[in-house]
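Structural overview for review
What follows is each chain in one-letter form.
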Amino acid sequence: MLEMINVSKSYGEIKALRETTFSVQPGEIVGIVGKSGSGKTTLLRLLNLMEQPSSGKVLIDGVDVQTLSKKNIRQRQQHMGMIFQNYNLLENLKVYDNVALPLKLLKKQQPEKIQSLLEFVGMEHKAKSYPSQLSGGEKQRVSIARALSRDPKFLLCDEATSSLDEENTEAVVRLLYKTHQELKPIIFFVSHELETVKSLCERILVMENGQLVGEFKNNPRKFSDEKLSYLEKVERSLSL
Ligand SMILES: Nc1ncnc2c1ncn2[C@@H]1O[C@H](COP(=O)(O)OP(=O)(O)OP(=O)(O)O)[C@@H](O)[C@H]1O
């Protein structure tokens, strides 16, 4: 379980986050929406322990993260996967090596696991390609495989689909849904695209001026296995 109690974060004069309180249970998918500058990324950086609160407490499984040593923080961070808008893949490494990197940094070699992650995200056929040879949607699938390599308890997605077209957005959302069904991490999905958040998240938090100003329950889309062609999708959406 993850809790924020009355958390504020300031950068000098700027109050990026103000007295924010919420908790998240295992297995939840939480959407965080808000306009640019509303504090969404700051909230994620507090959750992934890249930042410490200026006041208030962040608790992970009941432990106040401010009491953790640097070593303990690094250990906790190993159970957190990050997914970014710009993918953050290393351009000089092949797809396989990008996915293998987090385990390699822990001095672990698990080729079977890397292979099965590439299969999980449907990118095994591009294992030897470089990121520059992939589309945006493919890059994001590789970055999801990399984020899953350390079996994260938390998957933190910061505008993960905001650079993608409609079709690739759907592919990434489907993949996050499958990740949630099969691996059950807590997923935070930060985005300014409300429709995308609605398609994935059961719970939606709304931020404004560094504050949590609202919270809604939502029925996410039920993803079927039905594979429609692009033409069929346009046809279906126009007939709604
Ligand atoms: N490291 C920093 N130093 C100074 N100010 C910062 C820093 N990080 C964020 N801020 C400020 O805090 C506020 C919230 O920023 P944050 O990046 O959390 O918003 P956001 O909702 O993620 O915005 P966007 O959707 O544009 O990414 C903004 O006013 C921003 O300029």
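What this report covers is the structure whose coordinates are included nearby. As the structure is a prediction and not an experimental result, all values here were calculated from the model.

Next up on the list: helix H1 (residues 40-47). Most of H1 is tucked away, with six of its eight residues classed as buried. Taken residue by residue, H1 has Lys-40, Thr-42, Leu-43, Leu-44, Leu-46 and Leu-47 as its buried positions.

Around the ligand, the neighbouring residues are Tyr-11, Ile-14, Ala-16, Lys-35, Ser-36, Gly-37, Ser-38, Gly-39, Lys-40, Thr-41 and Thr-42. Between the ligand and the protein, one listed contact pairs an oxygen atom with a side-chain N or O atom of Ser-36 at 2.6 Å. Within the side chain of Thr-41, one N or O atom sits 2.7 Å away from an oxygen atom of the ligand. Considering the ligand on its own, with 640 Å² of exposed area, one finds that the protein chains cover 59% of that surface. Among the elements of the structure, strand S2 (14-24) and H1 are those that each provide at least two residues to the shell around the ligand. For the shell around the ligand, the leading source of residues is H1, giving three residues.

The subject of this paragraph is the environment of Ile-83. Mapped onto the elements, Ile-83 comes out in strand S6 (residues 80-84). In the structure, Ile-83 is positioned 65 residues away from Leu-148 in sequence and 10.0 Å away in space, judged by C-alpha atoms. Each residue touching Ile-83, except ones within four places of it in the same chain, is listed here: Gln-140, Ser-143, Ile-144, Ala-147, Leu-155, Leu-156, Cys-157, Asp-158, Ala-160 and Leu-176.

Pairing is antiparallel across the open sheet formed by four strands, whose spatial order is S2-S1-S4-S5. Of all strands in the sheet, those bounded by a partner on one side alone are S2 and strand S5 (63-64). Across two bridges, the pairing between strand S4 (residues 55-60) and S5 is antiparallel. Opposite Leu-59, over in S5, you have Asp-64 as the bridge partner. Helix-sheet contacts for H1 involve strand S1 (2-11), S2 and S4, and the interaxial angle to S1 is about 120 degrees.

Sheet topology places S1 next to S2; seven bridges connect them, and they run antiparallel. If you follow Ser-10 over to S2, its bridge partner there is Lys-15. In this structure, the hairpin formed by S1 and S2 is closed by a connection of two residues, where Gly-12 is found at a positive phi of approximately 60 degrees.

Ranked by internal contacts, the top residues of the largest apolar core, which has 36 residues, are Ile-83, Ile-144, Leu-155, Cys-157, Leu-176 and Phe-189. Elements supplying a minimum of two residues to this core: strand S3 (29-34), helix H3 (95-105), helix H4 (111-120), helix H5 (136-148), strand S7 (154-158), helix H6 (166-183), strand S8 (186-191) and helix H7 (194-200). When residues of this core are assigned to their parent elements, the largest contribution, five residues, is made by H5. What Leu-176 contacts, discounting residues up to four positions off in sequence, is Ile-83, Ile-144, Leu-155, Cys-157, Ile-187, Phe-189 and Leu-200. Counting 27 residues, the second largest nonpolar core, distinct from the first, contains Leu-17, Leu-47, Leu-49 and Phe-154.

This next bit is on unusual backbone geometry. At Tyr-87, a residue that is not glycine, the phi angle is positive and equals roughly 70 degrees. Following the sequence through the fold, Tyr-87 ends up in the loop between S6 and H3. Note on Tyr-87: relative accessible area 11%, which makes it buried. A positive phi angle, near 50 degrees, is found at Asn-209, a position not held by glycine. Looking at where Asn-209 falls in the secondary structure, it is placed in the loop between strand S9 (203-208) and strand S10 (211-217).

Between its terminal C-alpha atoms H5 stretches 18 Å, which fits the 18 Å expected from 13 residues at 1.5 Å a residue. Counting buried positions over the 13 residues of H5 gives twelve, a clear majority of the element. Turning to H5, its buried residues are Gly-137, Glu-138, Lys-139, Gln-140, Arg-141, Val-142, Ser-143, Ile-144, Ala-145, Arg-146, Ala-147 and Leu-148. Residues of H5 that are buried sit in contact with S6, H3, H4, S7 and H6.

The N-to-C vectors of H5 and H6 enclose an angle of 20 degrees; their axes lie 9 Å apart at closest approach. The angle between H5 and H6 falls in the class roughly parallel. Between H5 and H6 lies a crossing of right-handed hand. For the pair H5 and H6, the contacting residues are Gly-137, Gln-140, Arg-141, Ile-144 and Leu-148 in the first and Asn-168, Val-172, Leu-175, Leu-176, Thr-179 and Leu-183 in the second. Residues belonging to the contact of H5 with H6 are distributed by class as follows: six nonpolar, four polar and one charged.

Rules used throughout
Here the residue index of a chain counts from 1 through its sequence in written order. Under the rules for a predicted model, residues below a pLDDT of 70 receive no local features and side-chain atom pairs below 80 are neither given nor counted, while totals for whole chains, interfaces and linings still include all residues. The side-chain figures draw on all heavy atoms in the structure; neither hydrogens nor water molecules are used. Per-residue accessibility, obtained with a 1.4 Å probe over protein chains only, is compared with the maximum for each type, and a residue is labelled buried under 20%, exposed over 50%, and partly exposed between these values. Strands here are runs of E lasting at least two residues and helices are runs of H or I lasting at least four, both read from the DSSP assignment and numbered beginning at the N terminus. A single heavy atom is enough: if one lies within 4 Å of a molecule or strand, its residue is considered near that molecule or strand. In protein, a polar contact means a hydrogen-donor-capable atom and an acceptor-capable atom, both N or O and within 3.5 Å, with residues adjacent in sequence counting only if both atoms are side-chain atoms; elsewhere, any N or O pair within 3.5 Å suffices. For the accessible areas, the method is Shrake-Rupley and the probe is 1.4 Å, while residue cover comes only from the protein chains on display. Whether two residues touch is decided by their heavy atoms; if any such pair falls within 4.5 Å, the residues are in contact. DSSP-based pairing: two strands are paired if at least 2 bridges between them are found. Working convention: axes come from line fits to C-alpha atoms, limited for helices to the stretch in contact. Angles between N-to-C directions cover 0 to 180 degrees. Working definition of a nonpolar core: buried Ala, Val, Leu, Ile, Met, Phe, Trp, Tyr and Cys residues. They are joined through side-chain atoms within 4.5 Å. Helix span, expected: 1.5 Å multiplied by one less than the number of residues in the helix. Here the word oblique covers every angle except those under 35 degrees (roughly parallel), over 145 (roughly antiparallel) and from 65 to 115 (roughly perpendicular). It is the rotation of the near helix from the far one that decides the hand of a crossing: anticlockwise by less than a right angle makes it left-handed, clockwise makes it right-handed. Asp, Glu, Lys and Arg are counted as charged, while Ala, Val, Leu, Ile, Met, Phe, Trp, Tyr, Cys and Pro are counted as nonpolar; the rest, among them Gly, fall into the polar class.

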